[in-house]
Amino acid sequence: MKSAAALLLLTLAQSTSAFTTVRQQRVGGSVWGISSGPIDSSLSAKNIIIAGAPASGKGTQCEVIIKNLGVVHLSTGDMLRAAVAAETEVGKMAKDFMDSGKLVPDEIIIGIIKDRLRESDCQENGWLLDGFPRTQAQAKALADAGVSADCFIFLDVPDEMLVERVVGRRTDPITGKIYHMTFSPPEDEEILNRLERRSDDTEEKVKVRLEQFHANIDAVKDSYTDIMVSIDGSRAPTEVSSEVLKTINRMRTHQRRKALVGCLR
Ligand code: AP5
């Protein structure tokens, strides 16, 4: 038992030094040109939850995480919007809630996510949950299904910054890339001309979305106190990304140490 633990310790030490080398050699490889360098996906936490208020930057940071880790991105907002556009049964049920800025009922969304997490790509590559769980019932449903995350990242942004982010947001329907007309404008006119605005991205609707967020977020955070890291999301996207990636790496090392201690017991 002890020799297995020693081997694990050696592997951990080698992994940490390998990560340092990777960071030193490869700088600025992400979509935001992050100076801390990309994460070696073999060393990173694989099951991640990202949470935060509407327009706190979850989708923006997910682009960076996916690019660096290769995990499967599961955005409940994107899934629901696709269902609405395709006029599926789920889409028809969700549409009115989404149009008014309210959360769709737990029973609609929980089943979809639980089924998706069981699929082989999530099992093999790890997953990144964006916008789920959003209520205590959703967090409990994940726990009851035996689904656990390595890291819960909370993007902390004051409400007063969020309205400006919401009204300026545009999405490229071809690449899925998220832009902001002031903070992250499109690269050229061709992209500018095809950008789309979400129907719930209005000042009026974001107020309802924020109310829903504040009514639920404390209970969700309480479900993840041992793996939660709060990150100041009010800074420039590159600064936020840099801390997000460092946090994921730190949590991964932490998880491996915990596994080692478990092995020694
Ligand atoms: P969803 O699509 O998940 O919306 P949301 O949570 O309100 O989050 P957003 O997508 O608006 O914002 P974001 O945090 O991803 O920010 P982004 O990176 O785009 O959900 C939509 C609806 O679906 C819900 O209202 C609900 O009805 C339903 N729903 C979804 N999940 C559900 C669930 N689990 N249960 C029940 N109902 C559910 O950034 C925003 C803008 O800011 C962009 O323009 C970006 O360029 C800019 N930006 C990003 N970061 C920065 C930065 N650091 N500085 C300056 N600008 C920045």
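Here, the structure is the one placed above.
Residues numbered from 1 in each chain as written. Predicted model: local features only at pLDDT ≥ 70, side-chain atom pairs only at ≥ 80, totals over all residues.

Engineer: Can you tell me about helix 10 (residues 203-222), naming the residues and giving the values?
Structural biologist: Under the 1.5 Å per step criterion, the end-to-end length of helix 10 is 29 Å for 20 residues, consistent within 8% with the ideal 28 Å. The sharpest bend along helix 10 reaches about 40° and sits at Asn216. Those residues of helix 10 that sit buried are Val206, Arg209, Phe213 and Val220. Those residues of helix 10 that are buried are in contact with strand 1 (47-52), helix 7 (136-144) and helix 8 (159-168). (Helix = DSSP H or I, 4+ residues; strand = E, 2+ residues; numbered from the N terminus. Expected span 1.5 Å × (residues − 1). Bend = angle between axes of the 7 residues up to and from the residue. Buried ≥ 20, exposed ≤ 12 C-beta atoms within 10 Å, placed from the backbone. Contact = placed C-beta atoms within 7 Å.)

Engineer: Let's hear about the environment of Thr76: which residues, and what values?
Structural biologist: Checked against the element boundaries, Thr76 lands in helix 3 (residues 76-85). Look at Thr76 and you get buried, because 23 C-beta atoms sit within 10 Å. A C-alpha to C-alpha distance of 9.2 Å links Thr76 and Pro133, two positions 57 residues apart in sequence. Here Thr76 is in contact with Ile109, Ile113, Gly131 and Phe132, once residues within four sequence places are set aside.

Engineer: A description of the site of the ligand should follow, citing residues and the corresponding values.
Structural biologist: With respect to spatial proximity, 36 residues lie near the ligand, and among them Pro54, Gly57, Gly59, Gly77 and His180 are the closest. Here the shell around the ligand is built from residues that sort into 15 nonpolar, 14 polar and seven charged. (Near = placed C-beta within 6 Å. Nonpolar A, V, L, I, M, F, W, Y, C, P; charged D, E, K, R; others polar.)

Engineer: Just give me the short version of the pairing of strand 1, but keep the residues and values in it.
Structural biologist: Two faces belong to every sheet, and in a regular strand the side chains alternate between them. Across the six residues that make up strand 1, a large majority, five, are buried. Bridge count for strand 1 against strand 3 (residues 127-130) is four bridges, and the pairing is parallel. From the neighbouring strand, Asn47 faces strand 3, where its bridge partner is Trp127. Two elements, strand 1 and strand 4 (residues 151-156), share five bridges in a ladder whose sense is parallel. Considered in strand 4, the bridge of Ile48 is made with Cys151. (Pairing = 2+ DSSP bridges.)

Engineer: So what's going on with unusual backbone geometry? Residues and values would help.
Structural biologist: In this structure, the amide linkage connecting Phe132 to the following residue, Pro133, adopts the cis form with an omega of 0°. Along the polypeptide, Pro133 turns up in the loop between strand 3 and helix 7. In this structure, Ala55 is a non-glycine residue whose phi angle is positive, near 65°. Following the sequence through the fold, Ala55 ends up in the loop between strand 1 and helix 2 (58-69). For Ala55, a count of 26 C-beta atoms within 10 Å translates into the label buried. Backbone geometry at Glu87 places phi at a positive 55°, although glycine is not the residue there. Checked against the element boundaries, Glu87 lands in the loop between helix 3 and helix 4 (89-99).

Engineer: So, the nonpolar core: which residues are in play, and what are the values?
Structural biologist: Generally speaking, a soluble globular protein has its nonpolar side chains buried in company with each other. Among the nonpolar cores identified, the biggest contains 41 residues, and Ile48, Ile50, Ile65, Leu128, Phe152, Ile153 and Val244 are the most heavily contacted of them. Ignoring anything within four residues of it in the chain, the contact list for Ile153 reads Ile48, Ile50, Val229, Ile231, Val244 and Thr247. (Core = buried A, V, L, I, M, F, W, Y, C linked by C-beta atoms within 7 Å.)

Without other data, these values stay purely geometric and don't point to any function.
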